[in-house]
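Letter by letter, the chains look like this.
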Amino acid sequence: DTGVSQDPRHKITKRGQNVTFRCDPISEHNRLYWYRQTLGQGPEFLTYFQNEAQLEKSRLLSDRFSAERPKGSFSTLEIQRTEQGDSAMYLCASSLAQLNTEAFFGQGTRLTVV
Amino acid sequence: GDSVTQMEGPVTLSEEAFLTINCTYTATGYPSLFWYVQYPGEGLQLLLKATKADDKGSNKGFEATYRKETTSFHLEKGSVQVSDSAVYFCALTPSGNTPLVFGKGTRLSVIA
């Protein structure tokens, strides 16, 4: 297992288009998290799953954002009708559902909306 | 809500200098505290953690002590190397098993 992988690494899209990102967590990890990071800021929590159940969504996650983890393995994050303000690095992390366990991060998908 | 405040960067040090990056937090209950590091071109990696008051986390020469009385978790290293150049993030989980809340990050540059 090579860790958390995200695809694509970079995405440039025109305003108004839909985009979808994929995250493959470490195989035995049952928790999967999505974060967004803008320049000069720390990662901001968006949503997370335990197995296939979406346990929490941040109020940052507008109705244009949707995330799924259909079989409790990989996850997708879709942004509909992208806006320039959506330009950011989207990070995925995974962990075991245990107290104080380490979250392992992918390298992120950088989205640029033009 | 829960939050983390880190000292503003960038921080530039000469090799072998002493490093302190300040971190304070606001949280209800008893959070767990973490330092993550992001090297250029890489993903975030856990550097160290502490799960209760007075615990000291340590790794790769870095240390941080969980100070509940001052709500702080300052990162220190006695002698930095060029390879320590990275962005450092202080973070907490409010109850040890919930999503991380991050500070804004502090960029460290170490020059030879």
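Residues numbered from 1 in each chain as written. Chains lettered and ligands numbered in written order. Predicted model: local features only at pLDDT ≥ 70, side-chain atom pairs only at ≥ 80, totals over all residues. Heavy atoms only, no water.

Peer 1: I tried to follow the overall build of chain A on my own but got confused; where do I start?
Peer 2: A count of helical and extended segments in chain A gives zero helices and 11 strands. When the elements of chain A are put in sequence order from the N terminus, they spell out β-β-β-β-β-β-β-β-β-β-β. On C-alpha atoms alone, chain A measures out to a radius of gyration of 13 Å, which is about the 13 Å that the 2.2 N^0.38 rule sets for 114 residues. For the C-alpha atoms alone, the extent of chain A along its principal axes is close to 40 × 25 × 25 Å. In chain A, the proportion of contacts linking residues at least 24 apart, taken out of those at least 6 apart, comes to 53%. Surface exposure of chain A reaches about 5,900 Å², of which carbon and sulfur atoms provide 44%. (Helix = DSSP H or I, 4+ residues; strand = E, 2+ residues; numbered from the N terminus. Rg over C-alpha atoms; globule rule 2.2 N^0.38 Å. Contact = heavy atoms within 4.5 Å. Areas by Shrake-Rupley, 256 points an atom, 1.4 Å probe, with all protein chains shown as cover.)

Peer 1: What should I look at first to understand unusual backbone geometry in this one?
Peer 2: A negative phi angle characterises most non-glycine residues, just as the trans form characterises most peptide bonds. With an omega dihedral of -5°, the bond running from A:Asp7 to A:Pro8 counts as a cis peptide bond. Mapping A:Pro8 onto the fold places it in the loop between strand E1 (5–7) and strand E2 (10–13). Across the junction of B:Gly9 and B:Pro10, the peptide omega takes the value -5°, indicating a cis bond. Relative to the helices and strands, B:Pro10 resides in the loop between strand E1 (3–6) and strand E2 (11–14). We note that B:Lys60 has phi near 55°; this positive angle belongs to a residue other than glycine. In this fold, B:Lys60 is placed in the loop between strand E7 (56–59) and strand E8 (62–65).

Peer 1: Whenever I open this one, the sheet that holds E7(B) confuses me. Can you help?
Peer 2: Residue and element names in this part refer to chain B. Ordered by their spatial adjacency, four strands build an open sheet running E3-E9-E8-E7, and the pairing between neighbours is antiparallel. One side of each edge strand has no neighbouring strand; the edge strands of this open sheet are strand E3 (19–21) and E7. For this sheet the average axis-to-axis angle between neighbouring strands, irrespective of direction, equals 15°. With three bridges connecting them, E8 and strand E9 (residues 75–77) associate as antiparallel partners. Residue Ala64 lies in a different strand from E9, and its bridge partner there is Leu75. (Pairing = 2+ DSSP bridges. Axes fitted to C-alpha atoms, helices over the stretch in contact; angles between N-to-C directions.)

Peer 1: Any chance you could explain the sheet that holds strand E3 (residues 19–24) of chain A here in plain terms?
Peer 2: Sheets are built from strands paired through backbone hydrogen bonds, the pairs being either parallel or antiparallel. All names here are of chain A. Taken in spatial order, the four strands of this open sheet run E1-E3-E8-E7, and their pairing is antiparallel. Both outer strands of the open sheet, E1 and strand E7 (65–68), are each paired with one neighbouring strand and no more. Averaged over all pairs of adjacent strands, the angle between strand axes in this sheet comes to 15°, irrespective of strand direction. Sheet topology note: the E3/strand E8 (residues 75–79) ladder contains five bridges and is antiparallel.

Peer 1: Before we go on, may I ask you to explain the packing of aromatic side chains in this structure?
Peer 2: Any pair of aromatic rings gets described here by the distance separating the centres and the angle formed by the planes. Here the structure, examined in full by the defined rule, presents 15 aromatic pairs over all chains. With 5.7 Å between their ring centres and 85° between their planes, A:Tyr35 and B:Phe102 make a pair best called edge-to-face. Of the two residues, A:Tyr35 is situated in strand E4 (residues 31–37) and B:Phe102 in strand E11 (residues 101–102); the pairing between them involves two chains. Accessibility assignment for this pair places A:Tyr35 and B:Phe102 in one class, buried. Ring centres of A:Phe105 and B:Tyr36 lie 5.6 Å apart, and the angle between their planes is 80°; this geometry places the pair in the edge-to-face category. You can see A:Phe105 sitting in strand E10 (residues 104–105) and its partner B:Tyr36 sitting in strand E5 (residues 32–38), one on each of two chains. In terms of burial, A:Phe105 and B:Tyr36 fall into one category: buried. (Phe/Tyr/Trp six-rings, centres within 6.5 Å; stacked < 30°, edge-to-face > 60°. Buried < 20%, exposed > 50% of the residue type's maximum accessible area, 1.4 Å probe, protein only.)

Peer 1: Is there a simple way to explain the side chain of A:Thr13 in this structure?
Peer 2: Residue and element names in this part refer to chain A. Topologically, Thr13 is positioned in strand E2. Its relative accessible area of 6% is what places Thr13 among the buried residues. Residue contacts for Thr13: discarding those within four places in its chain leaves Val19, Thr82, Leu111, Thr112, Val113 and Val114.

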